[in-house]
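# Examination of the molecular architecture
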Amino acid sequence: MQYINQSSYEPPDNIIYKNAHISTIIPGILKKYPIPPYIRERLELSDGDFLLLDWWKQSNTDKLIIISHGLEGHSRRTYVNSCANYFHNDGYSILAWNQRSCGGEINRLPKLYHMGLIEDLNEVIKHAINHGYKEINLIGYSMGGILSLNFLGRMHTPFCIKACVTFSTPLDLLSNAAVFRKRSNIIYLKNFMVDFKRKLKIKQSQFPEIFDEKKLRDIKSFDELDDLFTAPLFGFKNKEDYYKKNSPLFILNQITIPTLIVNAENDPFLTPESFLNNFEIPNHNLYFEKPKFGGHVGFSLKDTSYSWAEIRAKQFIESKS
């Protein structure tokens, strides 16, 4: 692994952008970026479910960026929109995909998604290859980064996948499970839980034999959600088994293409394991960059509506092409 000791990210001059929570909240909630003119496609899956794909194609290119959103996000979030626009302006086609139950439409099956459901990303990539794209690069944010790294480390990587960049990505899910118990992060937990419980209530009405209404009503944390629903629905013994088997930390040495992991030092969602403290990864394909600031999927810049994330991603991808 190659450590990039000096990150190029510099936050805006305003001192508030050096605060972990403000640099996370302003780009995530207050910043708005126009939704690109996507063409939506429904990708039917072999298990009877579907994914919603948003395409923004170029007419004369075989280069594609596949963007994977974060937890309870979707393809039209601000950070996805600005990334899509930045790459599209430089001649790339864009595929921003929605994980199951995301994108404005609930999925068909009882299961929603989880951090190691790499089979869905595999289906998206195969679909893109069938469209004729010969140079595909992956960009993942937060949970989308987890999925991207797990895919590269656990599945065969097609030759047309050239590089990957992830931002704000937890690498050890067991240690990260404790992050949302911190009082300073309670507002994030509540926001995520509202969205999750809304979806689970829909699932409870669809599949009352699977989703216990009382258990659902009593859920207050990710630990309980993962133990009572995620783990059993996807065949894991318990939440610890789920976290261990889907932590990218343990498969980073198996990644075979150039991959850049960018985690800000002041990210309120990350633990020391996500900065690879005390870990030596014997993999020359792997690069790790730790900006001092940036928050979680923040990386705001002065005098531009783009973020540093897409600028850095393009720089890395084109340096490896």
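We now turn to the structure provided with this report. Keep in mind the model is a prediction, meaning the values are calculated, not measured. (Residues numbered from 1 in each chain as written. Predicted model: local features only at pLDDT ≥ 70, side-chain atom pairs only at ≥ 80, totals over all residues. Heavy atoms only, no water.)

A few words on the nonpolar core. Generally speaking, soluble globular proteins have nonpolar side chains that are buried together. One finds Ile66, Ile136, Leu138 and Leu252 to be the most contacted residues of the largest nonpolar core, which totals 37 residues. Of all the elements in the fold, those that place two or more residues in this core are β3 (50-56), β4 (63-68), β5 (93-98), α3 (118-130), β6 (135-141), α4 (143-154), β7 (161-167) and β9 (286-289). Ignoring any residue separated from it by four or fewer positions in sequence, one finds Leu138 in contact with Ile66, Ile125, Phe151, Leu152, Ile161, Ala163, Cys164 and Val165. If you look at the next biggest cluster of nonpolar residues, it comprises 33 residues, including Ile67, Ile139, Val297 and Tyr306. (Core = buried A, V, L, I, M, F, W, Y, C linked by side-chain atoms within 4.5 Å. Buried < 20%, exposed > 50% of the residue type's maximum accessible area, 1.4 Å probe, protein only. Helix = DSSP H or I, 4+ residues; strand = E, 2+ residues; numbered from the N terminus. Contact = heavy atoms within 4.5 Å.)

Pairs of aromatic rings are described using the distance from one ring centre to the other and the angle between the two planes. This model, assessed by the stated rule, comprises 20 aromatic pairs. Taking 6.0 Å as the distance between ring centres and 40° as the angle between the ring planes, the aromatic pair formed by Tyr113 and Phe196 counts as tilted. One end of the pair, Tyr113, is in the loop between β5 and α3; the other, Phe196, is in helix α6 (residues 186-206), and 83 residues separate them in sequence. You'll find Tyr113 and Phe196 in the same group, each marked buried. Aromatic side chains Tyr188 and Phe269 sit 4.8 Å apart centroid to centroid with 80° between the ring planes, which places their arrangement in the edge-to-face category. One end of the pair, Tyr188, is in helix α6; the other, Phe269, is in the loop between β8 (259-262) and β9, and 81 residues separate them in sequence. (Phe/Tyr/Trp six-rings, centres within 6.5 Å; stacked < 30°, edge-to-face > 60°.)

Another aspect to go through is the sheet that holds β6. Spatially, β1-β9-β8-β7-β6-β4-β5-β3-β2 is the arrangement adopted by the nine strands of the open sheet, whose pairing is mixed. Of all the strands in the sheet, the pair left with one neighbour each is β1 (2-4) and β2 (39-44). Neighbour-to-neighbour, the strand axes of this sheet turn through a mean angle of 20°, independent of strand direction. Relative to β7, β6 is paired through six bridges, and the arrangement is parallel. Residue pairing across strands places Ile139 opposite Val165, the latter belonging to β7. (Pairing = 2+ DSSP bridges. Axes fitted to C-alpha atoms, helices over the stretch in contact; angles between N-to-C directions.)

Once that is clear, we can look at the pairing of β9. Residues Leu286 and Phe288 line one face of β9 and the alternating positions Tyr287 and Glu289 line the opposite face, and both faces are buried. Bridging between β1 and β9 involves three bridges; their strand directions are parallel. Bridged to Ile4 within β9 is Glu289. Bridge count for β8 against β9 is four bridges, and the pairing is parallel.

In short, shape yes, function no, at least from these values alone.
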